[in-house]
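Secondary and tertiary structure notes
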Amino acid sequence: MRQTSLARLFDAHQEKLGLQLVCGSLDSIISISDDKVWPADLVGHLNLIHPGRLQVLGAAELSWAQRQSREKIGHILDEILAARPPAVIVADGCDIPGLINNACDSHGIALLATRSAAASVVDLLRLHLSRQLAEKISLHGVLVDVLGIGVFITGDSGSGKSELALELISRGHGLVADDVVEFSRIAPTVLEGRSPDLLTDFLEVRGLGILNIRTIFGETACRRKMRLRLVVHLEKRQPGHHDPLRLPDGEEIQNILDVRLPRIVLPVAAGRNIAVLLEAAVRTTILKFRGINTTEDFIERQRRALENSKNDI
């Protein structure tokens, strides 16, 4: 079960949203026990369909409530609060009706107030919970920022992952994490990678030891986090192994936390400039994101050439 607390959420956004505790306590636990529930679903505008989530009331909801009978609103509040939502938040700087205050107080539900717009409150809290309650996994490798693309470099021990990262940094790219990378699934198809606090800014290179990249190369050489878009696997050439295909048969995919990511295998051999090859792989990946596939373009050009040669016979 992935969980956080209302107190942590309150402390993280008290200053930014101007949150005030009107009644109740901040002891509530916000958790996910069902993999089908996305963290962003735990926050929303007042809704009987999802009574157990953080309930946000803005000017629109309170205006609707004023047009209803007191009995109807009391019944709706009782149904929602009986589901034990972590808190009720009154936004838009609206005055809190006594009915809502008394209902939260009697049910022991935290009632918060803010002058921020209800839509902004929902968006900000959804983003917060998406990060706090995201599925997480730690993997061995190096995460770098190359041309604005998060690239996860993997490979066997001694394949040259850290040396490649050092060369990329010297070429103006950025380090996110070395050795251990913590990935969080912050959206259905988005993985965010960052370094454990203990290893932040450090890169271990055989023969040189531990390097502080921020100290050596400056602030711009490090990134706090990066969205993962490409996996590059370094494969050490072994005697007797067949050479890799010059034109790969289809695109390789690696699945991390149920997110499908393009994967490229780069054979490591003496004389190969792996940094240049990785940069080229990133540029090719960017083109594919834009709908341009150079391999398919070449195959199509070849097909047209064959058809034209047949017509000339």
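Residues numbered from 1 in each chain as written. Predicted model: local features only at pLDDT ≥ 70, side-chain atom pairs only at ≥ 80, totals over all residues. Heavy atoms only, no water.

**As for the nonpolar core**
V144, V151, I153, I213 and L278 are the most contacted members of the largest nonpolar core, which has 27 residues in total. Residue assignment for this core shows that the elements contributing at least two residues are β8 (135–146), β9 (149–155), α6 (161–170), β12 (202–205), β14 (225–236) and α8 (274–289). Contact partners of V151, with chain neighbours within four places excluded, come to V142, L143, V144, V146, L228, L230, V232, L278 and V282. Counting 24 residues, the second-largest nonpolar core is a separate cluster that includes L9, L26, V43 and V121. (Core = buried A, V, L, I, M, F, W, Y, C linked by side-chain atoms within 4.5 Å. Buried < 20%, exposed > 50% of the residue type's maximum accessible area, 1.4 Å probe, protein only. Helix = DSSP H or I, 4+ residues; strand = E, 2+ residues; numbered from the N terminus. Contact = heavy atoms within 4.5 Å.)

**Side note on the packing of helix α1 (residues 6–17) against helix α5 (residues 118–132)**
Their axes nearest at 11 Å, the elements α1 and α5 cross at an angle of 145°. Note that α1 runs across α5; the crossing there is right-handed. Here R8, L9, A12, H13, K16 and L17 of α1 come into contact with α5, specifically with V121, L124, L125, H128, L129 and Q132. Residue composition of the contact of α1 with α5, grouped by class: seven nonpolar, three polar and two charged. (Axes fitted to C-alpha atoms, helices over the stretch in contact; angles between N-to-C directions. Left-handed = near helix turned anticlockwise from the far one by under 90°. Nonpolar A, V, L, I, M, F, W, Y, C, P; charged D, E, K, R; others polar.)

**A word on the pattern of salt bridges**
Overall, the coordinates contain 12 salt bridges when judged by the stated rule. Between R303 and E307 there is a salt bridge whose closest N-O contact spans 2.4 Å. With R303 and E307 both in helix α9 (residues 294–312) and four residues apart, the pair spans about one turn of that helix. Since its relative accessible area comes to 37%, R303 is described here as partly exposed. Ionic contacts of the salt-bridge type, sharing partners, join the residues R131, E192, R194 and K225 into one network. (Salt bridge = Lys/Arg side-chain N within 4 Å of Asp/Glu carboxyl O.)

**Concerning the packing of aromatic side chains**
In this structure the tally under the stated criterion is one aromatic pair. Each ring, one from F152 and one from F183, has its centre 5.0 Å from the other, and the planes form 80°; the classification is edge-to-face. In this pair, F152 is assigned in strand β9 and F183 in strand β10 (residues 174–187), connecting sequence segments 31 residues apart. For the pair F152 and F183, one class covers both residues: buried. Across the ring face of F289, the terminal group of R229 is positioned such that the distance to the ring centre comes to 4.2 Å. (Phe/Tyr/Trp six-rings, centres within 6.5 Å; stacked < 30°, edge-to-face > 60°. Lys NZ or Arg CZ within 6 Å of the ring centre and 35° of its normal.)

By themselves these figures say nothing about function.
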